[in-house]
Amino acid sequence: MESLTSGTMAGNGSFRCDGCGYVVTLAATDELPACPGCGADRFARASLFSSGRFQRSIAESPTSADRAAVQTRARERIDAPGRYLTFELGDELRLVKLDREWTRVGRSLAADVRFDDPTVSRRHALIVRQADGVRVLDDRSLNGVFVNDERVEWRMLSDGDEIIVGRYRLYFLEHTAAATAATAATPPAEGLTEPATG
């Protein structure tokens, strides 16, 4: 299979990094980026799936302690009961309150939670709030949506669930009135921001 380098106009499809195996999915007008997983610049056309799972760099997989630390930092910043998405963008922790019926996640300028990254489809996922709970739906993305490392078309979310969209890990948090009261005495940490634009 012919290797391509970053910057090449690659066309529609999936491309696997020759260095770490990270897969990016591109539209016709996208150029190959440097690999988000390892920074390498050589790719080959690839299938998105080799064993039914999205291929990610091992270096990108956080430990359970890392996941718990992100969630703990986010919970310390929540000051009202509700349902939230939290995720890291660079060195910044983002927190988004889910107060509407639909929250769109993707690369599009119309997304409520936007990631400007080729591993994220323009319309990647929907977070849907209804009377019986909160669901995540794959919005016809190319790289898929994963909940707790399992690819899903849709899934009812529980507190602490990890949602993977492209190379980003988001966590669903449900904060109760009792939890709010317990953390009310703790001053909010710096770095809390409103909905993301990546």
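Structure: see above.
Rules used in this analysis
- Residues numbered from 1 in each chain as written.
- Predicted model: local features only at pLDDT ≥ 70, side-chain atom pairs only at ≥ 80, totals over all residues.
- Heavy atoms only, no water.
- Pairing = 2+ DSSP bridges.
- Helix = DSSP H or I, 4+ residues; strand = E, 2+ residues; numbered from the N terminus.
- Phe/Tyr/Trp six-rings, centres within 6.5 Å; stacked < 30°, edge-to-face > 60°.
- Buried < 20%, exposed > 50% of the residue type's maximum accessible area, 1.4 Å probe, protein only.
- Core = buried A, V, L, I, M, F, W, Y, C linked by side-chain atoms within 4.5 Å.
- Polar contact = N/O pair within 3.5 Å; in protein donor to acceptor, adjacent residues only side chain to side chain.
- Contact = heavy atoms within 4.5 Å.
- Salt bridge = Lys/Arg side-chain N within 4 Å of Asp/Glu carboxyl O.
- Axes fitted to C-alpha atoms, helices over the stretch in contact; angles between N-to-C directions.

S.K.: Which residues make up the sheet that holds strand 9 (residues 125–130), and what values go with them?
M.R.: With mixed pairing, five strands are arranged side by side in an open sheet as 8-7-9-10-13. Two strands in the sheet have a free side with no partner beyond their single neighbour: strand 8 (113–114) and strand 13 (154–156). Relative to strand 10 (residues 133–138), strand 9 runs antiparallel, the two being bridged by six bridges. Its bridge partner lying in strand 10, Arg129 is registered against Val134.

S.K.: Would you mind going over the packing of aromatic side chains in detail, with residue names and values included?
M.R.: Here the structure, examined in full by the defined rule, presents two aromatic pairs. Their ring planes at 70 degrees and their centres at 5.1 Å tell us that Phe87 and Phe115 sit as a pair that is edge-to-face. Here Phe87 is found in strand 5 (residues 82–89), whereas its partner Phe115 is found in the loop between strand 8 and strand 9, with 28 residues between them in sequence. The same class applies to Phe87 and to Phe115, which are both buried. Considering the side-chain rings of Phe115 and Tyr168, the 4.1 Å spacing of their centres and the 15 degrees angle between planes classify their relative orientation as stacked. In this pair, Phe115 is assigned in the loop between strand 8 and strand 9 and Tyr168 in strand 15 (residues 168–175), connecting sequence segments 53 residues apart.

S.K.: Pulling in residues and values, what's your account of the nonpolar core?
M.R.: By size, the foremost hydrophobic cluster in this structure holds 22 residues, and its most contacted members are Phe115, Ile127, Val136, Ile163 and Leu170. Counting only elements with at least two residues in this core, the list comes to strand 5, strand 9, strand 10, strand 11 (145–147), strand 14 (162–165) and strand 15.

S.K.: Kindly report on the side chain of Arg135, identifying the contributing residues and their values.
M.R.: Take Arg135: it is sitting in strand 10. Taking the relative accessible area as the measure of exposure, Arg135 reaches 16% and is therefore buried. A polar contact of 2.8 Å, which involves the side chain of Arg135, links it to the side chain of Asp132. In this structure Arg135 touches Leu126, Ile127, Val128, Gln130, Trp154, Arg155, Met156 and Leu157, once residues within four positions along its chain are discounted.

S.K.: Just give me the short version of the pairing of strand 10, but keep the residues and values in it.
M.R.: Here is the key point about a regular strand: its side chains alternate between the two faces of the sheet. With five of six residues buried, strand 10 lies mostly within the body of the structure. Linkage of strand 9 to strand 10, two consecutive antiparallel strands, is achieved through a turn of two residues. With three bridges connecting them, strand 10 and strand 13 associate as antiparallel partners. Bridging from a neighbouring strand, Arg135 pairs with Met156 of strand 13.

S.K.: Provide a residue-level description of the side chain of Asp138, including the pertinent values.
M.R.: With respect to the helices and strands, Asp138 occurs in strand 10. We classify Asp138 as buried; its relative accessible area is 13%.

S.K.: Summarise the pattern of salt bridges; cite the residues concerned and give the values.
M.R.: In this structure the tally under the stated criterion is 14 salt bridges. A salt bridge links Arg155 to Glu150, with the shortest nitrogen-to-oxygen separation between them at 3.2 Å. Overall, the relative accessible area of 43% leaves Glu150 in the partly exposed class.

S.K.: Describe the sheet that holds strand 14, and please don't skip the residues or the numbers.
M.R.: One open sheet holds the six strands; their spatial order is 6-5-15-14-11-12, and the pairing between them is antiparallel. For this open sheet the edge positions go to strand 6 (92–97) and strand 12 (150–152), each flanked by a neighbour on one side alone. Ignoring which end each strand starts from, the neighbouring axes of this sheet average 30 degrees apart. As defined by bridge partners, strand 11 adjoins strand 12 across three bridges and the pair is classed as antiparallel. In the sheet register, Val147 faces strand 12, and the bridge partner there is Glu150. In the packing of helix 1 (residues 64–77) onto the sheet, the strands contacted are strand 5, strand 6, strand 14 and strand 15, and the crossing angle to strand 15 comes to about 45 degrees.

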